[in-house]
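Coordinates in review
So the chains spell out like this:
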Amino acid sequence: MKERIRIGCGAGFSGDRLEPAVMLVQQGQLDYLVLECLAERTIALAQKRKRQDPTKGYDPLLERRIESLLPHLLANNVRLITNMGAANPLAAAEKICGIARRLNLPITVAAVTGDDVFDQLSGDETALETGKPLTDSGPLISANAYLGSDAILPALATSASIIITGRVADPSLFVSPLVHEFGWSLDEADQIGQGTVIGHLLECAGQLTGGYFADPGRKNVPDMAHLGHPFADVSRDGAAVFGKVAGTGGHLSVATAKEQLLYEVMDPSRYITPDVIADFTQVRLTESGPNQVSASGGRGQTRPDTLKVSIGYEAGYIGEGEISYAGSNALGRAQLAGSIIQERLQERFTDLRIDYIGSTSVHRTNFGNYPDPYEIRLRVAGKATTAQQAALVGEEVEALYTNGPAGGGGARKYIHEVVGIVSTLLPRLKATSHVTVLHA
Amino acid sequence: MKRKLYDLAHSRAGDKGNTLTLSLIPYRAEDYELLRTLVTADVVKNHMRDIIAGDVIRYELPNLPALQFVCQQALTGGVTTSLTMDTHGKSLSYALLEMEIGD
């Protein structure tokens, strides 16, 4: 057994850059590469694609990522763990084998399934967000349980060099290889808690190494065009040292690590995953060298008896329209345009939003501190039950060209189909995971 | 002397459904006590009253040191169905940092 392993994270969301993962595998001396590519809503959208075509429903970038990585994974003896299977890990595994055959690179792929619990639900279960039955939210599309390390471990026990999953808790993608390599017990809550701290710090990839951190003049980050993604050297006792490939851009410091440690954390003493209820309150971060941070002190309590299930539902449509005003009294003209739209659409939309981009559109206020800007973009959004109704929003905004205030320009209109997400809890025993091994 | 939190600390926003999380991390560890004293959950709720409809809970992390604010009903319905531009509320870290403290 190894005394220390190195795990890198080469993607922190579905649309992340491709080349940092290649860089990690080529030059990072990794044992494992993790690609975390599955947000809450991504899997519901993937489920819709699978319904239209049963051979689809995996991550849209799967082919490109695997094509760029596969030769380097094999040459450097790096195992890949990824949730790019999305709604269809088996089809993703088949696709990877197809790519491997085409590149004449023999590999073994293990697909982890069992997160799709749509058939286990009646729809009468209570949504955590609303306190009402799930079906009250709208027609249900998908239901995926967050599986834990126990679902990934049997795949790691095979000879597979690529392990592809659907919905699993993000930190479990990292905890599972630690448990596998070091023979940790999933019942050792403190050890799994420390593993979860490691996973949580890595799971958003570039967000640990200076991505989403920079504020020029205050928090400077060098060479962000070539941001390096992070890895962790983890010892058998759980001690972890984070780093990135020498020569890559970005910056890894105690400050970047603190921001990531608390990212999306509710109660820091109870960070709940399928593996453990982790406690981040005793975590200590220290800089052990340039672009090198150590993390210790993660602890935990016994894992919960239930799994969180993420449920996608049809939530209608959103129609949007935008138009710009600039120069003297730009805000005044935009506000006039907004009031015209309000008057014309308020009868037909119960949920209509008018934003002034450049002033109050993202914070919904400017705290009264800022002078009027030189240019303003009016943005209108309305919720609709049909695509035709949603289209009205953009049509009305576009019609401001000849019927609205002076100097409006650059009108754009959009229609989005909306997938909503609610969640519920499922007894752990109701979700059974499986591993399927394919060879190419 | 009034000072913006922006001058003392940094922050990252996160989202869980309709709940917004905001970290507040002092640049200098010695400013932690000042922030802990002045930036209470009530003060944050009042500063962001146009944004946060629900309660604000504050967690203290003296080891880092940092404060963590969990803000309920702050994302106009949540990532997936909100009509706002920034459905995740990712930009709201800088709304917190707009707060002025001191006299």
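Computed from a predicted model, the values in this text were never measured in an experiment. (Residues numbered from 1 in each chain as written. Chains lettered and ligands numbered in written order. Predicted model: local features only at pLDDT ≥ 70, side-chain atom pairs only at ≥ 80, totals over all residues. Heavy atoms only, no water.)

1. Brief notes about the packing of aromatic side chains
Geometrically, a pair of aromatic rings is defined through the distance of the ring centres and the angle of the planes. One pass over the structure, following the stated rule, counts three aromatic pairs over all chains. Measuring from ring centre to ring centre gives 5.8 Å for A:Phe182 and A:Trp184, while their planes differ by 40 degrees; the resulting arrangement is tilted. The exposure class of A:Phe182 is buried, given its relative accessible area of 4%. Judged by relative accessible area, which is 8%, A:Trp184 ranks as buried. Of note, A:Lys219 hangs over the ring of A:Phe213, and the distance from its end group to the ring centre comes to 4.2 Å. Taking the ring centre of A:Tyr212 as reference, the NZ or CZ of B:Lys90 above it sits at 5.2 Å. (Phe/Tyr/Trp six-rings, centres within 6.5 Å; stacked < 30°, edge-to-face > 60°. Buried < 20%, exposed > 50% of the residue type's maximum accessible area, 1.4 Å probe, protein only. Lys NZ or Arg CZ within 6 Å of the ring centre and 35° of its normal.)

2. Considering the pairing of strand E12 (residues 292–296) of chain A
Residues and elements named next belong to chain A. As judged from the three bridges shared by strand E8 (residues 240–244) and E12, these two strands associate in the antiparallel manner. Note that in E12 the partner of Phe 242 across the bridge is Val 293. The sheet contact formed by strand E11 (residues 284–289) and E12 spans five bridges and is antiparallel. Residue pairing across strands places Gly 289 opposite Gln 292, the latter belonging to E12. (Pairing = 2+ DSSP bridges. Helix = DSSP H or I, 4+ residues; strand = E, 2+ residues; numbered from the N terminus.)

3. Here's the deal with the interface of chain B and chain A
Contacts between the two partners involve 43 residues from chain B and, on the opposite side, 50 residues from chain A. Summed over both sides, the interface of chain B with chain A buries roughly 4200 Å², with 55% coming from carbon and sulfur. Here chain B and chain A share two salt bridges between them. A salt bridge links B:Asp7 to A:Arg218; the nearest nitrogen and oxygen atoms lie 3.2 Å apart. (Contact = heavy atoms within 4.5 Å. Buried area = accessible area lost by both parts, 1.4 Å probe. Salt bridge = Lys/Arg side-chain N within 4 Å of Asp/Glu carboxyl O.)

4. Looking at the sheet that holds strand E9 (residues 271–272) of chain A
Residue and element names in this part refer to chain A. Taking strand neighbours across the sheet as the criterion, the three strands line up as E9-E10-E13 in an open arrangement whose pairing is antiparallel. Among the strands making up the open sheet, the edge pair consists of E9 and strand E13 (299–301). Here strand E10 (residues 277–279) runs beside E13; their pairing, made up of three bridges, is antiparallel. Within E13, the position partnered with Asp 279 by the bridge is Arg 299. Relative to E13, helix H7 (residues 189–202) is tilted by about 120 degrees, and along the sheet it contacts E9, E10 and E13. (Axes fitted to C-alpha atoms, helices over the stretch in contact; angles between N-to-C directions.)

5. Considerations on the layout of surface pockets
All names here are of chain A. Approximately 320 Å³ is the volume attributed to the second largest pocket. Lining the second largest pocket are 19 residues, with Ser 359, His 363, Thr 365, Asn 366 and Tyr 370 positioned closest to its centre. For the lining of the second largest pocket, a count of residues per class yields nine nonpolar, seven polar and three charged. (1 Å grid on protein atoms, 1.4 Å probe; cavity = no way out; pocket = protein on both sides within 12 Å on 5 of 7 lines; lining within 4 Å. Points joined across faces, edges and corners; volume = space filled by probe spheres on them. Nonpolar A, V, L, I, M, F, W, Y, C, P; charged D, E, K, R; others polar.)

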